[in-house]
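# Descriptive structure summary
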Amino acid sequence: MKQPISVTWNLDSIFPGGSSSAEFADFLKKLESDIEALSEQVNSAVFPVSAYDTAALDDLIGLLQSCAARLTQASEFAGCLGAQNQQDKGAVRLSAKVTGLRAGFEGISSRFDSILRQTSDEVWAQWMSRPEIAPLTFVLSERRAQAREKMSPELESLALELAVDGYHGWSEHYETIVGAIEIPFEDKDGTKLLSVGQAFNKLSDDDAGVREAMFRKWEAAWTAAEDYSADTLNHLAGFRLKLYKGRGWEDVLKEPLAINRMSRATLDMMWEVITRNKPALVSYLQRKAKVLGKDALSWVDVDAPVGKSSGKIPYETAAKDIVTQFRKFSPKLADFAEQAFDNDWIEVEDRPAKRPGGFCVSFPESKESRIFMTYSGTPSNVSTLAHELGHAYHSFLLDDQPFFNQNYAMNVAETASTFAEVIVADAQVKASSDADEKLALLEAKIQNSVAFFMNIHARFLFETRFYEKRKEGLVNAEELSVLMEEAQKEAFCGVLSEYHPHFWASKLHFYITDVPFYNFPYTVGYMFSTGLYRLALEEGPSFADKYDSLLQDTGVMTLEDLVMKHLGVDLTKPDFWQGAVDLIVEDINEFLRLTEQFA
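Values in this document were obtained by computation on a predicted structure and should not be read as measured data.

### Focus: the overall build of the protein
If you tally the helices and strands in the protein, you get 25 helices and 5 strands. Relative to a compact globule of 599 residues, whose C-alpha radius of gyration would be 25 Å, the protein shows 24 Å and is just as compact. With the C-alpha coordinates aligned to their principal axes, the bounding extent of the protein is approximately 75 × 55 × 50 Å. The long-range share in the protein, meaning contacts at least 24 apart out of those at least 6 apart in sequence, stands at 77%. When the accessible surface of the protein is split by element, carbon and sulfur atoms take 51% of a total near 24400 Å². Averaging the coordinates of the 60 positive side-chain charges in the protein and doing the same for the 90 negative ones gives two points 1 Å apart.

Written out as structure tokens, the structure is:
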């Protein structure tokens, strides 16, 4: 691995010149022209499709995949520009341009789906049996089934067009709200105005005084913005509910479950197993409160570090450790991570104007990924870095597949990322010989369980209840805060002394339009990855190839079929989920043993 490692990513290797890139402008111009050509091809397609006509649709499907891949390339590039600098007005304009192109493309896709919908079963069977099309059978059959549950193509196209300035417009407005917020912070050098991303990092500071002070200011900042956030969230939800009503969909979870290619039975079983095992997490949180010298933890204490680690972890050290731990599981994964560091695919610099949070995006045309976060040297930052590298590796494994087959669901996406995170965290705990450091690493690992079993559960409870309430009319900011706090109390089993009522306003995930219910897939991925890790421990080195094969099938199978094929497991039964929880409970029991003096 090269030294030193860059703390900023290289976007010029994709399109040079940032938001003023002439090459990107040409790329968009060609894409726009091809989308117009695609529209003409779809409009001239013969209805209904005969067995003979299906062969003539090969070029159309090829262009459809090409346009979809290039739209992803363009969207991710514009998104990266905006994330690295929220003051970049050029990036905002580019995002709007790409959003418009995507809306037009989705309208064309909707018309293409009509071809699929109107194709008879007999012709369909012949079509899917053709060698040129057979690799796309799952995706095309999925699209056909979903098209049969939507409105007419004309209405679907109209809805997509209206979504540009409605649905997606409100999502972009949330970015405007975030970009305008500055939160004051006092340190030895005086008062600074922090961006939301910088302020968020202070909420997990080692110093309890810093965390507490920032939490007050954080709540105050989002309270000041609550009416804007409430308007945004209400209109997002209102658009979505109206669309569902037009399609005749009653259950707000119908779309997110379909997107995640999983059943309600699987989701319910997972939450059931988690809820049954929450007493172990309550014991952990109660013990942690005693370790921190408190009667009970407040919201801002949940992620507070316990034990003494070796201080701030330099970025270069984190990168080296991640590659080392990856190599113990899979040399292929480790080599890929080195490539990401050496080729400057990762943006970690702590500076103003960056958007909060972390993410990984893939560029299908370039066959590269980019990772975004703000690194401040905490164990949590190291976990995030490993997590995002897991995402990138997943995309890498699918690079040579047809683009339609690269579109895996969010839940299995979170499986790859969280699996990578667990590899690093578990190895660090096992390798530590210092009692205080071991406690710190173990506790950081258990924090993930709290996040996925309690924090994410609170988000899921809030969002399902909010949507039911939104069906009756607008939900004001005060009501949203009440719903949020009630969900947090239930998810955390009432163990905290104080909650975060404006979490609904501050959390980007509630405002994402590409994926509704951007919450439960995280927990599915965490539980699934933990279950996989348990199997990896049992099987040894040979599991790495099985793991890669599983990931390579994630774009062409339902979650239930994927797991049955590669693991022989029924996810609607509790066994696999309980096996995952058992590993977590082992960590909690070890934490309780190491802190028994506080009992």
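The rest of the description comes next.
### Let's talk about the environment of Glu-175
Looking at the element boundaries, Glu-175 is found in helix H8 (residues 167–180). Here the alpha-carbon distance between Glu-175 and Tyr-511, two residues 336 residues apart in the chain, equals 9.1 Å. In this structure Glu-175 touches Gln-86 and Leu-508, once residues within four positions along its chain are discounted.

### A short note on the packing of aromatic side chains
Counted according to the given criterion, the structure contains 41 aromatic pairs. Where Phe-15 meets Phe-77, the ring centres are 5.0 Å apart and the plane angle is 70 degrees; that geometry is what we call edge-to-face. Of this pair, Phe-15 sits in the segment before helix H1 (22–43) while Phe-77 sits in helix H3 (residues 58–84), and the two are 62 residues apart along the sequence. Phe-77 matches Phe-15 in its accessibility class, with the two residues each being buried.

### Observations regarding the pairing of strand E1 (residues 183–187)
In this sheet, strand E2 (residues 190–194) lies alongside E1 in antiparallel orientation, the contact comprising 5 bridges. Bridge pairing links Glu-186 to Thr-191 in E2. Here E1 folds back onto E2, and the loop between the two strands holds 2 residues.

### Considerations on the environment of Tyr-518
Assignment of secondary structure puts Tyr-518 in the loop between helix H21 (503–506) and helix H22 (520–539). Owing to a relative accessible area of 18%, Tyr-518 belongs among the buried residues under this scheme. Considering only alpha carbons, one finds Tyr-518 and Met-410, 108 residues apart in sequence, at a separation of 8.5 Å. For Tyr-518, the residues in contact, after removing those within four places along its chain, are Met-410, Glu-463, His-509 and Ile-512.

### Looking at the side chain of Ser-481
Secondary-structure assignment places Ser-481 in helix H20 (residues 477–491). Residues contacting Ser-481, with those up to four places away along its chain left out, are Pro-501, His-502 and Trp-504.

### Details of the nonpolar core
The nonpolar side chains of a soluble globular protein tend to be buried with one another. In this structure, Phe-326, Phe-492 and Trp-504 are the most contacted members of the largest nonpolar core, which totals 151 residues. With 15 residues, helix H19 (residues 435–470) is the single largest residue contributor to this core. Judged by nonpolar contacts, the second largest core, of 51 residues, contains Phe-24, Leu-81, Leu-140 and Phe-363.

### Quick notes on a nonpolar patch on the surface
On the surface, a nonpolar cluster with roughly 280 Å² of combined accessible area is contributed by Leu-155, Leu-158 and Leu-162. Along the chain, Leu-162 turns up in helix H7 (residues 153–165).

Thresholds applied
- Residues numbered from 1 in each chain as written.
- Predicted model: local features only at pLDDT ≥ 70, side-chain atom pairs only at ≥ 80, totals over all residues.
- Heavy atoms only, no water.
- Helix = DSSP H or I, 4+ residues; strand = E, 2+ residues; numbered from the N terminus.
- Rg over C-alpha atoms; globule rule 2.2 N^0.38 Å.
- Contact = heavy atoms within 4.5 Å.
- Areas by Shrake-Rupley, 256 points an atom, 1.4 Å probe, with all protein chains shown as cover.
- Lys, Arg positive; Asp, Glu negative; His and termini not counted.
- Charge placed at Lys NZ, Arg CZ, Asp CG, Glu CD.
- Phe/Tyr/Trp six-rings, centres within 6.5 Å; stacked < 30°, edge-to-face > 60°.
- Buried < 20%, exposed > 50% of the residue type's maximum accessible area, 1.4 Å probe, protein only.
- Pairing = 2+ DSSP bridges.
- Core = buried A, V, L, I, M, F, W, Y, C linked by side-chain atoms within 4.5 Å.
- Patch = residues over 30% accessible without salt bridge, like charges linked within 9 Å, V, L, I, M, F, W, Y side chains within 5 Å.
- Salt bridge = Lys/Arg side-chain N within 4 Å of Asp/Glu carboxyl O.

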